[in-house]
Amino acid sequence: MNIRILSLLLFTLLYLVLPHQSIAQKKGDLEDVLYRAEKLFEIKNYKAALPLFIQSESLVKGNPLLEYKLGASYAQSPEINEQLKGIKYLESAIKVNSSQVPIEKYYYLGKLYHKDDRIAEAITSYNKYKIAVAGNKKALQEVDEELKICQNAKVLMSKKKEINITNLGNPINSEFTEYNPVVAADESVMAFTVLRPNKDKLKSGVDFVEEIMITYKSASGTWGAPAPIKIKSNYNAGTAGISPDGQKMLVFLGGAGNKGDLFTIDKQGSDWGAPVSIGNTINSPYQESTASITPDGKVVYFASNRNGGYGGMDIYKVIKNEKGVFGPAINLGPTVNTAKNEDAPFIHPDQKTLFFTSDGHNTMGGKDIFKSVLINDKWAAPENMGYPINTPANDNYFTLTANGRKGYFSSDRKGGNGGQDIYGIDMPDEGANIALTMIKGKILDGETLLPIPTKIKVVEKGTGEKIEYVYSPNKETGNYLIIFPPGKSYDLVIESEGFMPYTININIPDQTYFYELFQQIHLKQIKQFDVIVGQEVSVKNAFFDTKIGGYINPKKANEAMLVKNDSLDMFEMMDAIIASSDTIAFEYLLDLMFKSNPIENINFNENEMKDLEAAKRVYYYDESDEKTLEAKKVGKETIFTLPTMYVTELAKAQKEKKQEVANYDRSLLTALVKIYFDTDKSDLKADYNADLAKIMDALKKHENLGIEISGYASAEGDPEHNRKLSNLRAIEVLNYFNYKGVVRRRIVAKGYGASKAEGGNKQEGRRVEIRLLDLNAI
């Protein structure tokens, strides 16, 4: 045989033999993988066993015991989408009816059918398991509990609510877990917790870390890319609540050696301050996970697993006493709390509606969201929020916007991106109309249009009761947000840096629906020739006619620029410690009813907006009718403020005054009187008494006329000397009118102006000009 034929035979032999050896080798490897998978399954390490069973799936198929083990391992996965993959393997294992397959096959399959919303099949599978475990008391108790939950699900799913639920998707949700959304009252900002793999696992030994993310809604109604909030703590951080204006947040801090407590953090510019404990009345050696504060700051609802409760986590409340100190924790009792876990309380700004999460009560599987209403100082039996808000999966951490139109929650239901995702709910009309008023306001310097450091304290006018929260407008924008209940009158006692304290009164109508009020406050110092003599407070309100029935949605508010949806959030300022707002914004592109209406987009031009409520009040510090300050009792504090400004009444009166027909000769406004002074002198010469008397005569005859005084000095020489001399001359003229009884409010001082000699006449640099003006026109 020649070498060429020999080589061909050898190649053929190798071709035929080696593949079989390779297959045999691979089969041996798979058998080893399967062996390791079964050993891990025996010690209940399902997480490690599952990928090995999947790797050796070719050996599993057709073997009912191995299919059972693969299906059961899938059932133990943390992700519900992975769990449901076990259904086909358990179904296949059951078809064979092999005695080798444990009876737990029915239990696991019942669990997965339940989570897949196949309730009838789940009940059938559980009943088969119940027959198989007859005599096993513990197993019977477990399966009876599952059957009870399935019956709850069956009833609730048969009454499906027509409600739109949306996964917020990217950029909010990811393949990791996002949960516990907290939303500002106006939906402009949302914070949430993300649980993700630890990038520094090798260094810290910790597999997963939690951190707080924050996102803002754009004018188009979409959420921006979330950014982490840097908390100054060595522990994991999670959201617990947010104030209506998004300026204060409640956070949970916990980790190794610390079961977890609640803290507050305040926004400081674009950053957040260091966490401050919410207090020992609430925090304990046990775990406190979440909390919610009423808008008046007097009651905090929180969840804790401390001793003395009814089960695992219970919901408690603490009430602030007259001294401003929270009293002992009070368990809400067996109507709300069960032998299982109640968590994530959210008290709505109406202070009557409590939402919470529970795996007790009539849950339809996992954790469900419940609602209880305070009736005659007692909490009514909790109501399951129903399907599809709740599902057989875990649905929790519910929050509702101040207007009741939008809800947010987190869930690990099937079809999500991974772990828990955050969802939005368009609440049905019958449950969405909440009679509250939300004010979104802005306080600015009227000259520079820059924010002024300010504190706002709210007093209920009827009772003199202080709302236990100090509202501090955002330092960068001047924005504030407060929520009020209907049918009451409130004084806003405002302390702005550089100004006397002043009071603005707001009447909240006794409406039966929610609306917003957009408010703009401008402050100006009144100077007369470098001397501060008073301040001007200008208030503009944009809102809808409060007598219009039904829900006034932000779309109408935007179109008419009178949003009935804006009111100082006193009910939620600290109450958004549940969400609150405000404002997370409204799902805008799809429905303008849920659009966030930033105050920056509101038109406050009274010449263009007919229904704008605009009032202005000038306070002169030395006028006898104004210098008596009002003493405002704010809790234990007494604040002396300028007389209260009743905006609605004042705006109406000023509007009517502007519409009055002028009853004077318009030519009076064109007359100009020039008074000249000697060099370096400020004495008013008697030569001008006749001209000044004519002006006085016009002022006496026409109450709506005032005078404008403008001082001028030479543009040559020392500017500072010239300015002072010009002011002295103008003050001399001003004093003339003061002595004649003309009050300051009828005098407009224009201050120093430099003037060059005109035609060689240097007198022009030593003059004061006086002209009449219509006070209603300025």
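For the structure itself, consult the block above.
Keep in mind the model is a prediction, meaning the values are calculated, not measured. (Residues numbered from 1 in each chain as written. Predicted model: local features only at pLDDT ≥ 70, side-chain atom pairs only at ≥ 80, totals over all residues. Heavy atoms only, no water.)

Asker: I'd love a proper account of unusual backbone geometry, names of residues and values included.
Answerer: Across the chain, the bulk of peptide bonds are trans and the bulk of non-glycine residues have phi less than zero. Here the amide bond leading from N170 into P171 is cis, since omega sits at 5°, within 30 degrees of zero. Counting through the fold element by element, P171 comes out in the loop between β1 (164-167) and β2 (177-183). For the peptide bond that leads from Y387 to P388, omega is 15°, which places it in the cis range. With respect to the helices, strands and loops of the structure, P388 is situated in the loop between β19 (383-384) and β20 (395-400). Here D117, not a glycine, exhibits a phi torsion of approximately 65°, which is positive. Mapping D117 onto the fold places it in the loop between α7 (104-115) and α8 (119-132). The exposure class assigned to D117 is partly exposed, which follows from its relative accessible area of 25%. Located in the positive-phi region is A344, a residue other than glycine, with phi close to 50°. With respect to the helices and strands, the residue A344 is situated in strand β15 (residues 342-347). With a relative accessible area of 7%, A344 lands in the buried category. (Helix = DSSP H or I, 4+ residues; strand = E, 2+ residues; numbered from the N terminus. Buried < 20%, exposed > 50% of the residue type's maximum accessible area, 1.4 Å probe, protein only.)

Asker: Let's hear about the pattern of salt bridges: which residues, and what values?
Answerer: Side-chain pairs of opposite charge can arise whenever the charged atoms involved come near each other. Under the defined criterion, the tally for this structure stands at 29 salt bridges. For R306, the salt bridge identified is with E288, shortest N-O distance 3.1 Å. Remark: E288 occurs in strand β11 (residues 288-293) and R306 occurs in the loop between β12 (299-304) and β13 (314-319); sequence separation between them is 18 residues. Assessed through its relative accessible area of 15%, R306 is described here as buried. A residue is classified by how much of its surface remains accessible, and E288, at 0% relative accessible area, is buried. The salt bridge involving K406 is made with D426; its shortest N-O contact spans 2.7 Å. On the criterion of sequence distance, the pair formed by K406 in strand β21 (residues 406-411) and D426 in strand β22 (residues 421-426) is long-range, its members being 20 residues apart. Of the residues examined, K406 reaches a relative accessible area of 2% and is grouped as buried. (Salt bridge = Lys/Arg side-chain N within 4 Å of Asp/Glu carboxyl O.)

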